[in-house]
Amino acid sequence: MKGKIILGAVIAVAIIGGAYVATSMEKVGQGETGVVYTVANGVSEHTLSPGWHFVGPFATVKNYPISQQQLVLSNNAADFNTEKLKQDTHVDAPANGGMVKMNMTINYNFIPERVTELYEKFNGMDGEQIVESKVKNSILAYIKEITPQFSVMDIYSDKRAEVSNAITAYLNEKLNDEYGINISSCLLYTS
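Small disclaimer: the values here were computed from a predicted structure and weren't measured.

Another point: the overall build of the protein. A count of helices and strands for the protein gives 5 helices and 9 strands. Walking the protein from its N terminus toward its C terminus, one meets helices and strands in the order α-β-β-β-β-β-β-β-β-α-α-α-α-β. Here the protein holds 191 residues, and 40% of them are scored as buried. If you take every contact in the protein between residues at least 6 apart in sequence, the share linking residues at least 24 apart comes to 70%. When the accessible surface of the protein is split by element, carbon and sulfur atoms take 54% of a total near 10800 Å².

Encoded structure:
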């Protein structure tokens, strides 16, 4: 009888310990960094590198991509790596001489040293949530600020690379400060 009680206690401890460990583990994906938040300690200044981490059962981890990501702004389903067309997000922008319709691929990453600040600034949003709910709209607005410097012909013809470079520089200047995002390139193609 005593042996059954001890065996039962050992099994119960193993189950509880296993559940504790399972709920305390968090995975940070390759090319990401994780920000840890607990109610008791707030946001940790130390971020998590890729891999599995023991953070405790009551911790929340939000991931931010620090490797290059792509944001596609397009009205063409073939531009997406999925079979369904995502929301039509091409850019209708003013230019000197009229309006232009542009599709773009924007290559970006979050700046690792800024992610804890972003977690606090945007109330616990992860990188994807910030891009989808905030950054996309800012990008569309900032592009519309830079395109009037160019003519419609510049955008549709031989100065497309110059336009792309100007947009890249302007977005990098704006998004770096506001969202802790580095823009490595904006590839412009007209629709």
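Moving on from the model shown.
Under the criterion given, the structure shown has 5 aromatic pairs. When the centroid spacing of 5.5 Å and the interplanar angle of 80 degrees are considered together, the rings of Y64 and F110 count as edge-to-face. Placement of Y64 in strand β5 (residues 60-65) and of F110 in strand β8 (residues 98-110) is noted, with a sequence separation of 46 residues between them. According to the relative accessible area criterion, Y64 is buried, its value standing at 0%. Judged by centre distance (5.7 Å) and plane angle (20 degrees), the rings of F122 and Y179 are stacked. Taken as a pair, F122 in the loop between α2 (115-121) and α3 (127-146) and Y179 in helix α5 (residues 160-179) lie far apart in primary sequence, 57 residues in all. By way of ring pairs, the aromatic residues Y64, Y108 and F110 are connected into one cluster.

Put simply, α3 and α5 touch, their axes get as near as 10 Å, and they point 135 degrees apart. It follows that α3 is oblique to α5 by the angle criterion. In this structure, α3 meets α5 at a crossing whose hand is right-handed. Residues I130, K134, V135, S138, I139, Y142, I143, E145 and I146 of α3 pack against A166, I167, Y170, L171, K174, L175, E178 and Y179 of α5. Classifying every residue of the contact of α3 with α5 by side-chain character gives 12 nonpolar, 1 polar and 4 charged.

With respect to the helices and strands, N63 occurs in strand β5. Engagement of the side chain of N63 in a polar contact is seen with the side chain of E32, the distance being 3.5 Å. Beyond its immediate chain neighbours, meaning those up to four positions away, N63 contacts K27, V28, G29, E32, T33, G34, D126 and G127.

Moving on, we come to the sheet that holds strand β3 (residues 42-43). Here we have 3 strands laid out as an open sheet, ordered β3-β2-β5, and antiparallel in their pairing. Each of the sheet's edge strands pairs with one partner strand only, and the pair in question is β3 and β5. Inspection of the sheet shows strand β2 (residues 32-38) paired to β3 by 2 bridges, in the antiparallel sense. In the strand pairing of β3, Y37 is matched with V43.

The subject of this paragraph is α5. Across its 20 residues, α5 extends 27 Å between first and last C-alpha, which sits within 8% of the 28 Å expected from 1.5 Å per residue. The set of residues buried in α5 consists of V163, S164, I167, T168, Y170, L171, L175 and Y179. The first or second residue beyond α5 is G180, which carries a positive phi of 65 degrees.

The subject of this paragraph is α3. Note on helix geometry: an α-helix contains 3.6 residues per turn, so any two residues three or four positions apart are oriented the same way. In α3, a bend of some 45 degrees at V135 exceeds every other bend along the element. Three or more residues of α3 are buried, namely G127, I130, V131, V135, K136, S138, I139, Y142, I143 and I146.

Conventions adopted
Residues numbered from 1 in each chain as written. Predicted model: local features only at pLDDT ≥ 70, side-chain atom pairs only at ≥ 80, totals over all residues. Heavy atoms only, no water. Helix = DSSP H or I, 4+ residues; strand = E, 2+ residues; numbered from the N terminus. Buried < 20%, exposed > 50% of the residue type's maximum accessible area, 1.4 Å probe, protein only. Contact = heavy atoms within 4.5 Å. Areas by Shrake-Rupley, 256 points an atom, 1.4 Å probe, with all protein chains shown as cover. Phe/Tyr/Trp six-rings, centres within 6.5 Å; stacked < 30°, edge-to-face > 60°. Axes fitted to C-alpha atoms, helices over the stretch in contact; angles between N-to-C directions. Parallel < 35°, antiparallel > 145°, perpendicular 65-115°, else oblique. Left-handed = near helix turned anticlockwise from the far one by under 90°. Nonpolar A, V, L, I, M, F, W, Y, C, P; charged D, E, K, R; others polar. Polar contact = N/O pair within 3.5 Å; in protein donor to acceptor, adjacent residues only side chain to side chain. Pairing = 2+ DSSP bridges. Expected span 1.5 Å × (residues − 1). Bend = angle between axes of the 7 residues up to and from the residue.

Bear in mind that shape data such as this cannot, by itself, settle questions of function.
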